[in-house]
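Geometric and topological summary
Read off the chains here:
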Protein chains: 2
Amino acid sequence: MKIAALQMQPLSADIEGNFAKIEAAATAAVAMGADLLLTPELALTGYALADRFAAIAEPADGPMVERLRALARRLGLAIVAGFPERSGDVVYNSAVFAGADGSLQLYRKAHLYGPQEKAAFQPSSDPAQVFDYRGWRIGLLICFDVEFPETVRSLALAGAELVLVPTALPRAPISYSISGRMIGTRALENSLFVAYADLCGEEGACSYHGGSVIAGPDGNDLARAGPAEALLIADLDRAEISRARAESEYLTERRPDLYRL
Amino acid sequence: MKIAALQMQPLSADIEGNFAKIEAAATAAVAMGADLLLTPELALTGYALADRFAAIAEPADGPMVERLRALARRLGLAIVAGFPERSGDVVYNSAVFAGADGSLQLYRKAHLYGPQEKAAFQPSSDPAQVFDYRGWRIGLLICFDVEFPETVRSLALAGAELVLVPTALPRAPISYSISGRMIGTRALENSLFVAYADLCGEEGACSYHGGSVIAGPDGNDLARAGPAEALLIADLDRAEISRARAESEYLTERRPDLYRL
């Protein structure tokens, strides 16, 4: 499977403008032979909307997601994008996986970061699911979720081979460790691929780290962005998963009888 | 707390020679004002003994450990060292923490790596414990144990502020990711300190990676060794733990209701 990851400067509350960026990246990804384009957390609206999310949020079958699904079908590649999801009285920080075949997967962020996110969103109450796409077993997480090793481990134990993570990592010293050490470690300790697509630049009071990365089962970068807009491409070789699992057996040598979690 | 970590070339089955190396490093560590010296996995005997461990193993109250305890008391610093532990009919891959106050903590490796270790040793059947030393809450793991995020998480949830890891990391491409990404990630994702002391050089058919490291709660190296013998020193500032826990809340924002472990 060949995947692309878009690192993008969001346009605050400008769905039209963000959709145009995603469409351009999707077109480029198709030209590069990619099966899938990953974009950042809340890529369709921007991240720095605070109390405006309630007004801009749409249901998972609303026009924002329907347009994304139509683009995925038209271009023939899957697109993952974050958006604020309206569900009755509450708003989730969600991401959809829109398949080229018209399929749709929805994920809601479970670990909300900081008081602003907690004020704007409801955390997920459902475990992350693994789904099939073009013969690969895939899981979704959003930003802070992936910083908890339990999340990727849960997906790996459910069979995931690729974990896709839209993110909005702030510009801060710790973000070098998160992007540079932790994402590769998640891939390494579970013998799978992780793709992590960040926002970049400035948006209102927020500034973003960039540092999007696609990491392989040996923990190393297949591709890595700097601080500016970028489109990463990586060809994922499933044989690397088998090699890693034969070398380290991280999923079969666990000792749950000794853990106190 | 100031700690030292010894990266050492083991002398195969030469307890006298290995003890002399540990004694020299302990003397140096005291001269540098350290409270504690960490040494590698099976540092007292060497790691590459295969079926000879059964003959060389000693109980935790045998002469090998008693001599280490006497050294710790005499020099006034704690010493952590790995040794093959005889317990009735079985042998464990163990490590002791010998306090300057005469206290002793024993840890047995829970995750054995590969067929040779499994042939030589019995895996632990007890969860790792956290203990107090000079006002710090400390946990022990050995080598492969720390590659499972569940182990450090379990210690962190039990209050650990410092995890000490004697190791014997083989020379292999994946070891760059383990030493360079994963150890820092364990510190980062649990907001604590991790010290990881490796063997180095060659021993029989084994060659070791080196790359010993002391990592802080921000995931970054406080000290790092190259491939050769080295003595790392780092002064651990407990305020870094509080800062990290306030920034990321990795221990309090978990969602165990959603994990499938």
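Rules and cut-offs
Residues numbered from 1 in each chain as written. Chains lettered and ligands numbered in written order. Predicted model: local features only at pLDDT ≥ 70, side-chain atom pairs only at ≥ 80, totals over all residues. Heavy atoms only, no water. Pairing = 2+ DSSP bridges. Helix = DSSP H or I, 4+ residues; strand = E, 2+ residues; numbered from the N terminus. Axes fitted to C-alpha atoms, helices over the stretch in contact; angles between N-to-C directions. Contact = heavy atoms within 4.5 Å. Buried area = accessible area lost by both parts, 1.4 Å probe. Salt bridge = Lys/Arg side-chain N within 4 Å of Asp/Glu carboxyl O. Nonpolar A, V, L, I, M, F, W, Y, C, P; charged D, E, K, R; others polar.

Moving on, we get to the sheet that holds strand E3 (residues 78-87) of chain A. Residue and element names in this part refer to chain A. Spatially, six strands are ordered E5-E4-E3-E2-E1-E14 in an open sheet, and the strand pairing comes out mixed. The outermost strands of the open sheet, each flanked by one partner alone, are strand E5 (104-108) and strand E14 (230-235). Mean inter-strand twist for the sheet, computed between neighbouring axes without regard to direction, equals 30 degrees. Bridge count for strand E2 (residues 36-38) against E3 is three bridges, and the pairing is parallel. Bridge assignment links Leu38 to a residue of E3, and that residue is Val80. Packing against the sheet, helix H1 (residues 15-31) makes contact with strand E1 (2-7), E2, E3 and E14, and its axis sits at approximately 150 degrees to E1. Strand contacts of helix H3 (residues 63-75): E3, strand E4 (90-98) and E5, with the helix running at about 165 degrees to E3, the strand carrying the most contacts.

To continue, consider the interface of chain B and chain A. Between chain B and chain A, the contact holds 45 residues from the first and 45 residues from the second. Carbon and sulfur atoms supply 53% of the area buried between chain B and chain A, which totals about 4200 Å² over both sides. At the junction of chain B and chain A, the tally comes to 10 salt bridges. With a shortest N-O distance of 3.8 Å, Arg181 of chain B and Asp221 of chain A are connected by a salt bridge. Where the side of chain B that touches chain A is concerned, the elements lending two or more residues are helix H5 (149-157), helix H6 (173-190) and helix H7 (238-248) of chain B. If you tally residues by element for the side of chain B that touches chain A, the top one is H6 of chain B, at 11 residues. For the side of chain B that touches chain A, a count of residues per class yields 17 nonpolar, 12 polar and 16 charged.

Residue and element names in this part refer to chain B. Here we have six strands laid out as an open sheet, ordered E6-E7-E8-E9-E12-E13, and mixed in their pairing. Each end of this open sheet is capped by a strand with a single partner; those strands are strand E6 (130-133) and strand E13 (221-224). Looking at each pair of strands side by side, their axes are set apart by 20 degrees on average, direction ignored. By the bridge criterion, six bridges tie strand E8 (residues 162-167) to strand E9 (residues 193-198) in an arrangement that is parallel. Paired with Leu162 across the strands is Phe193, a residue of E9.

Function cannot be read off these values alone, since they describe shape.
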